[in-house]
Amino acid sequence: MAGNPERRAALVDAGAEVLAREGARGLTFRAVDAEAGVPVGTASNYFTGRDDLLRQIDARLHVRLAPDPEVIAGLLTRPKDRSLVTAFMHDLMDRATRDRTGYLALLEMRLEATRRPELRASFTRSVRGDLTEGIEFHRGAGLPGGDEVVTVLYLAMLGLILEHLTLPDVLDGVLPGVSVPDGLVERVAATIVPEQ
């Protein structure tokens, strides 16, 4: 396996682009090479196979879509109430919107995991790890609501992000006077998170 970490990262990012645009069926080493602008055969020197590439895309996207520690630190200076949880949900929506390709690639990997049981366990651990981390963060930060609130908030935001990034017109005007996505983020938090 080739060991140039910058080239590997570029190939993994190129794989995410291909995955988001073409779906899992279009994710070939040749397509990754073309997207990365490298000679044909380069990706095969960096990954043991397609499953290895998918796992590395998964790991890379979790880094790309992770919250900025400085943003989190700044938000944590505010009172620990519903408005802070709402601010965290706005940050989540902003990150998903800014890296739409990355988020769509994650959605494609979820679909691929339904077709390939050998990947399901790996992706399940990854996504469950995100949920567990969110629950632990919520507890540790002393935010309102318990594990059930975080889980329901996670599910609501997952649905909102999915619609906003894939079929945004579905949500336009669904609640008159409520903007998409910001107003809907506000409504999700107001409906789920207790005032304290």
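Small disclaimer: the values here were computed from a predicted structure and weren't measured.

Now for the packing of aromatic side chains. Following the criterion strictly, the structure yields two aromatic pairs and no others. A centroid spacing of 6.2 Å and a plane angle of 40 degrees characterise the contact between Phe-29 and Phe-47, whose relative ring orientation is tilted. In this pair, Phe-29 sits in helix 2 (residues 29-36) while Phe-47 sits in the loop between helix 2 and helix 3 (50-64), placing the two residues 18 residues apart along the sequence. Look at Phe-29 and you get partly exposed, because its relative accessible area is 23%.

Below, the discussion takes up helix 8 (residues 147-166). Structural remark: α-helix, 3.6 residues per turn; residues separated by three or four positions point the same way. Look at helix 8: 28 Å from first C-alpha to last across 20 residues, which is about the 28 Å you get at 1.5 Å a residue. Residues Val-149, Val-150, Leu-153, Met-157, Leu-160, Ile-161, His-164 and Leu-165 constitute the buried set of helix 8. Here the buried residues of helix 8 occupy an arc of 115 degrees about the axis, which is enough to place them on one side. Seen from the buried face of helix 8, the exposed residues on the opposite side, beyond 90 degrees, are Glu-148 and Leu-155.

Looking now at the environment of Arg-60. Secondary-structure assignment places Arg-60 in helix 3. With relative accessibility at 29%, the residue Arg-60 sits in the partly exposed group. As a C-alpha pair, Arg-60 and Asp-13 span 47 residues in sequence and 7.6 Å in three-dimensional space. Non-local contacts of Arg-60, meaning those with residues more than four positions away in its chain, are made with Val-12 and Asp-13.

As a further point, take the nonpolar core. Judged by nonpolar contacts, the single largest core of 52 residues is most densely connected at Leu-19, Leu-27, Ile-57, Met-109, Leu-153, Met-157 and Leu-160. When contributions to this core are tallied by element, the ones reaching two or more residues are helix 1 (5-22), helix 3, helix 4 (69-75), helix 5 (82-98), helix 6 (100-115), helix 7 (117-141), helix 8 and helix 9 (182-192). Contact partners of Met-157, with chain neighbours within four places excluded, come to Met-89, Leu-92, Met-93, Val-185 and Val-188.

A separate point is the environment of Arg-64. Structurally, the position occupied by Arg-64 is in helix 3. Of the residues examined, Arg-64 reaches a relative accessible area of 23% and is grouped as partly exposed. As a C-alpha pair, Arg-64 and Arg-7 span 57 residues in sequence and 16 Å in three-dimensional space. With residues up to four places along the chain from it excluded, the contact list for Arg-64 reads Asp-13, Ala-16, Glu-17, Asp-99, Thr-101 and Gly-102. Reaching out from Arg-64, the side chain makes a polar contact with the side chain of Asp-99 at a distance of 2.7 Å.

Before going further, it helps to examine unusual backbone geometry. The omega torsion of the bond from Val-180 to Pro-181 falls at 0 degrees, within 30 degrees of zero and hence cis. Counting through the fold element by element, Pro-181 comes out in the loop between helix 8 and helix 9.

We now examine the environment of Gly-129. Following the sequence through the fold, Gly-129 ends up in helix 7. Remark: the alpha-carbon pair of Gly-129 and Thr-42, spanning 87 residues in sequence, is separated by 32 Å.

Running from N to C, helix 1 and helix 6 cross one another at 70 degrees; their axes reach a closest spacing of 8 Å. Here helix 6 runs roughly perpendicular to helix 1, going by the angle between their axes. Considering the relative orientation of helix 1 and helix 6, their crossing is left-handed. Residues Ala-16, Glu-17, Leu-19 and Ala-20 of helix 1 form the contact with helix 6, whose own contacting residues are Thr-101, Leu-104, Ala-105, Glu-108 and Met-109.

Turning to the pattern of salt bridges, a few remarks are in order. A complete count under the given rule lists twelve salt bridges for this structure. Arg-64 is the partner of Asp-13 in a salt bridge, and the nearest nitrogen-oxygen pair spans 3.1 Å. Taken together, the residues Asp-13 in helix 1 and Arg-64 in helix 3 connect sequence positions 51 residues apart. On the basis of relative accessibility, which here comes to 21%, the residue Asp-13 falls in the partly exposed class. Across the pair Arg-116 and Glu-118 runs a salt bridge whose closest N-O atoms are separated by 3.1 Å. Take Arg-116: its relative accessible area is 16%, and that puts it in the buried class. Shared partners join several salt bridges into a network, and the residues in it are Arg-50, Asp-51, Glu-112, Arg-115, Arg-116 and Glu-118.

The rules behind the values
Residues numbered from 1 in each chain as written. Predicted model: local features only at pLDDT ≥ 70, side-chain atom pairs only at ≥ 80, totals over all residues. Heavy atoms only, no water. Phe/Tyr/Trp six-rings, centres within 6.5 Å; stacked < 30°, edge-to-face > 60°. Helix = DSSP H or I, 4+ residues; strand = E, 2+ residues; numbered from the N terminus. Buried < 20%, exposed > 50% of the residue type's maximum accessible area, 1.4 Å probe, protein only. Expected span 1.5 Å × (residues − 1). Arc of directions from axis to C-beta. Contact = heavy atoms within 4.5 Å. Core = buried A, V, L, I, M, F, W, Y, C linked by side-chain atoms within 4.5 Å. Polar contact = N/O pair within 3.5 Å; in protein donor to acceptor, adjacent residues only side chain to side chain. Axes fitted to C-alpha atoms, helices over the stretch in contact; angles between N-to-C directions. Parallel < 35°, antiparallel > 145°, perpendicular 65-115°, else oblique. Left-handed = near helix turned anticlockwise from the far one by under 90°. Salt bridge = Lys/Arg side-chain N within 4 Å of Asp/Glu carboxyl O.

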